[in-house]
Each structure stands twice: as structure tokens, then as C-alpha cells.
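# Summary of structural features
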Amino acid sequence: VIDIGALYKHSDRFTYDPGFTSTAACESAITYIDGDAGVLLHRGYPIDQLAEKGDFLETCYLLLYGELPTAEQKAKFDRDVTYHTMLHDQMAKLFTGFRRDAHPMAVMVGVVGALSAFYHDSTDITDPNQRMIASMRMIAKMPTIAAMAYKYTVGQPFVYPRNDLDYAANFLNMCFAVPTEEYEVNPVLARAMDRIFTLHADHEQNASTSTVRLAGSSGANPFACVAAGIACLWGPAHGGANEAALNMLTQIGTPDRIPEFIARAKDKEDPFRLMGFGHRVYKNYDPRAKIMQKTTHEVLAELGITDDPVLDVAMELEKIALEDEYFKERGLYPNIDFYSGITLKALGFPPEMFTVLFALARTVGWIAQWKEMIEDPKQKIGRPRQLYLGQTHRDYKPMDKR
Ligand code: ACO
């Protein structure tokens, strides 16, 4: 019998809150979510306005500095990001050390963590200037790293960044240009890519952001912290859901099979869940999912894809689930991952790259949150408590007495 009272008599009181469903670990002025109303604001600005009227780098500036940039500030910010897009040439060798069939997220965790081995002059977290350089470097280099991870897995030569292109267009060029053919980035697709980045830019204290903050709370350098965030994002309950959602829609195949999968999702004996449905905070429609759905239609129209069976299944599944009591009672709505996989597939990315693109876009959120934490005078090392349920004191027994 464990005397819990005795075990904890020397401890302060604490709450036991698995999954941190009701524990705030920090104060933040970056992102606000009202899950019941389906509202997402960055520094007060609604996500739909930022995604539809602005561009991704503008949102990056807003998240980092707290205000929308003036034209002059924006031009300087774009130039500064562009200045840092190249990766140290020695880092290309890191990629070639991986198996060609490595998952690109495994490559991302390794290569991003290794940035701290190359950029020593921006790892002193006590220096605000170094913090800002590290931030710019990560926002700028993430597309280069993601594109190199992609090129390596498809066996094509790396394409260097082009500083005459904007952020999203440069990324598409690095992924899809080949030396043997003319390639021009389609501006409609580049705009869609940019919007997808904006939709993923930040989402307050989700699992990967909390991971970045926790890692950063020990004083670890920002490159190492972002690598930790990437590792956390990889899981199917978080960033891996877009890949899982597309796989599920493909597996369903035709609308007539939807009821079978809905029944499985409701069956508590079956571990199957509708991927791309449900959210810890949104118990109403995820505002990002609405813009994502619109973007999906725009991309498919631009590419002349008039009849996509996966999209047909997605639309029908959404319709059926939204009318189903099980999903209604639990507030389960499509989240951003439900439609993003279809769009990314149409843009030409294989499913293994979906979470990589999420990591690319979320980097600014991780960095803004990391900076906010470092600059908070109340900041302490993150150190959750536990509710110990194991053995109380007992004496070591020699092996012949066990
Ligand atoms: N399909 C079927 N049932 C579900 C689903 C789903 N996708 N999501 C939640 N439920 C049910 C649970 O079984 C539970 O039912 P119960 O009350 O009868 O036991 C209830 O809804 C509440 O679910 P929880 O797991 O307690 O909710 P939680 O907030 O912990 O989980 C999560 C949120 C992980 C997103 C969950 O909804 C899920 O697994 N969804 C599928 C994966 C997914 O799309 N993840 C992406 C998240 S968004 C993002 O990372 C960008």
C-alpha cells in the first residue's frame, strides 16, 4: 500500500492535469484562440484576413515584432530573410549521409539540430542581436533545408535558393526545378503555398510549441529547441495528421464506403479515428480549415483537376460527419489537416513531405514563442511534477533472495 500523503508531505501542492488540458504554462501576447467560437487571432488580427490580404513574411514580421510592418519595414525584412537563405555548403554533406529512403522528417530533425554546429555566432541566447540573427536564419533556411530533404529522397540534385523570387515561389522552385528543363513557378500555386504557410504559422501552446518552450527554458540554443519542436510535430496526433488524413481518404476510396469508416470511428473498441477531425481547443469549426478548403478548390481549378476522387470523399465525409450526433456532441469538426493534404498532393508533394511543410511554416511561431519566453523576466526552467504511484522505500535484496 502506498502512502501518497507520506510521499508528498515535503512537497508543495500541485495539480495533476494529464495532457495539460487546464494548465497555462506561460503568459503570451502572440496568438489568441477561442475554440468555442472558432476564432484565431495573431497579435489581434484574424487569421482569415492575414491569409487572404497579407503574405507569409508579413505574418512572420507580425509574430516576431508584434505589429504589421510598414512598407519600408517589410522591404527590409524580406531582404534580411533573403540574405540568409543559403545553407552552409558543408551542410549538404549531412544530407548525403542519410539513406535515400529516410523519412524527410527524420532528416529535418537531424539537419536543423545540426545548424547550431554551423552558426556558433548566433547561439548566445543572452544577446538580443544573436537571438534575432538566429531567428532570421531559421525562417530563411528552413525552406532550403526542406527542399534539400525532398530533392535528396527523389534522387535529384539540390537547387540553390533564388533571391529574385519571393519566399513561397523560391521554395517551389527549389523543390521542383530540374537542371534539364525550363521551370517557371505558377504564381497562383505560389500564392496558395504562401497561404498554407500563413495558416500554419503559429497556434499558441500546442504540443510542439510547448516542446520548444520547454527545451528553451533550460537555456538550450534556439536551433536545438526548434529541432525538438520538429520531433514533436512529427506525431500523427499533431503535425503528422495531414499525411494520415490523406492516407485515410485514399483508403476510403469512394463515397459509398464512408459509413463503414464513420462506424469504425465511433466504435470505442476500434482505435481508428477520423484523421483531420477534432481538436483539443476548437470545439467548433477550425477557422483555418475554411480557408484551407477554399485554397484546395483554387489549386485544383488552376491545375485543371475537375474530378478528384479524394476531394469527393473528403467533401462527402465532412457533410456526413457534421450531421452525425456522435461528432456533433463531441464538437468534432474538420481541422486544418483535413484539406491540406489534398492541396499539397495537388501541388506535387508526396505525403512524407506534408509534415515537413508544416514544420517549415511553424518555425516562425516556435521562434516567436521562444523569444517571448527568453525575454520574459518571470521565465524559469520548465519542470512539471508527477503523481508518483510506484513503490515506497524498500531495501535492496541480494539476487538469491528475490
Ligand atoms: N474520430 C473519432 N472520435 C474522436 C476523434 C476523431 N478524430 N477525435 C476525438 N474523438 C472522440 C474521442 O474518442 C473522445 O470520445 P469519448 O468522449 O467518447 O471518449 C472525444 O472525441 C474527445 O476526444 P479526446 O481524444 O479526449 O480529445 P483530445 O482533445 O485529447 O484530442 C485530437 C484531440 C488529438 C486532435 C483528437 O481529436 C484526434 O486524435 N484527432 C485525429 C488526429 C488529428 O486530426 N490531429 C490533428 C490535430 S490539429 C493539428 O495538430 C494541426
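About the thresholds
Residues numbered from 1 in each chain as written. Predicted model: local features only at pLDDT ≥ 70, side-chain atom pairs only at ≥ 80, totals over all residues. UniProt positions renumbered as here; feature names shortened; annotations may be inferred. Helix = DSSP H or I, 4+ residues; strand = E, 2+ residues; numbered from the N terminus. Buried ≥ 20, exposed ≤ 12 C-beta atoms within 10 Å, placed from the backbone. Pairing = 2+ DSSP bridges. Core = buried A, V, L, I, M, F, W, Y, C linked by C-beta atoms within 7 Å. Contact = placed C-beta atoms within 7 Å. Near = placed C-beta within 6 Å. Nonpolar A, V, L, I, M, F, W, Y, C, P; charged D, E, K, R; others polar. Axes fitted to C-alpha atoms, helices over the stretch in contact; angles between N-to-C directions. Parallel < 35°, antiparallel > 145°, perpendicular 65-115°, else oblique. Left-handed = near helix turned anticlockwise from the far one by under 90°.

Per an unreviewed UniProt entry, the recorded name for the protein is Citrate synthase, and the organism is Pseudahrensia aquimaris. Under the Pathway (unreviewed entry) heading, UniProt states for the protein: "Carbohydrate metabolism; tricarboxylic acid cycle; isocitrate from oxaloacetate: step 1/2." Under the UniProt heading Catalytic activity (unreviewed entry), the entry covering the protein gives this text: "oxaloacetate + acetyl-CoA + H2O = citrate + CoA + H(+)".

Tracing the backbone shows Asp166 in the loop between α7 (128–154) and α8 (167–176). Put simply, Asp166 and Leu387 are 221 residues apart on the chain and 50 Å apart in space, counted from C-alpha to C-alpha.

What you see with strand β2 (residues 39–42) is a clean split: Leu40 and His42 sit on the buried side and Val39 and Leu41 on the side with no burial. Relative to β2, strand β1 (residues 31–34) runs antiparallel, the two being bridged by four bridges. Looking across to β2, one finds that Asp34 is bridged to Val39. Between the end of β1 and the start of β2, which pair antiparallel, lie four residues, with Gly38 showing a positive phi angle near 70°. In this sheet, strand β3 (residues 45–46) lies alongside β2 in antiparallel orientation, the contact comprising two bridges.

Moving on: the nonpolar core. Grouped together as the largest cluster of nonpolar side chains are 108 residues, with contacts concentrated most on Met108, Val112, Ala146, Leu172, Met193, Val226 and Ile230. Ranked by the residues each element gives to this core, the list is headed by helix α18 (residues 354–374), at 13 residues. With residues up to four places along the chain from it excluded, the contact list for Ile230 reads Met105, Met108, Val109, Val112 and Ala359.

Around the ligand, the surrounding shell holds 18 residues, and the nearest of these are Ala241, Arg273, Phe277, Gly278 and Arg280. Its residues placed into classes, the shell around the ligand shows eight nonpolar, six polar and four charged.

This part is about the packing of α7 against α8. The geometry of α7 relative to α8 is characterised by a closest axis approach of 8 Å and an angle of 20° between their N-to-C directions. With respect to each other, α7 and α8 are oriented roughly parallel. For the crossing formed where α7 meets α8, the hand is right-handed. Residue-level inspection shows Pro143, Thr144, Ala147 and Tyr150 of α7 in contact with α8, the latter providing Tyr167, Asn170, Phe171, Met174 and Cys175. Tallied by class, residues from the contact of α7 with α8 come to seven nonpolar, two polar and no charged.

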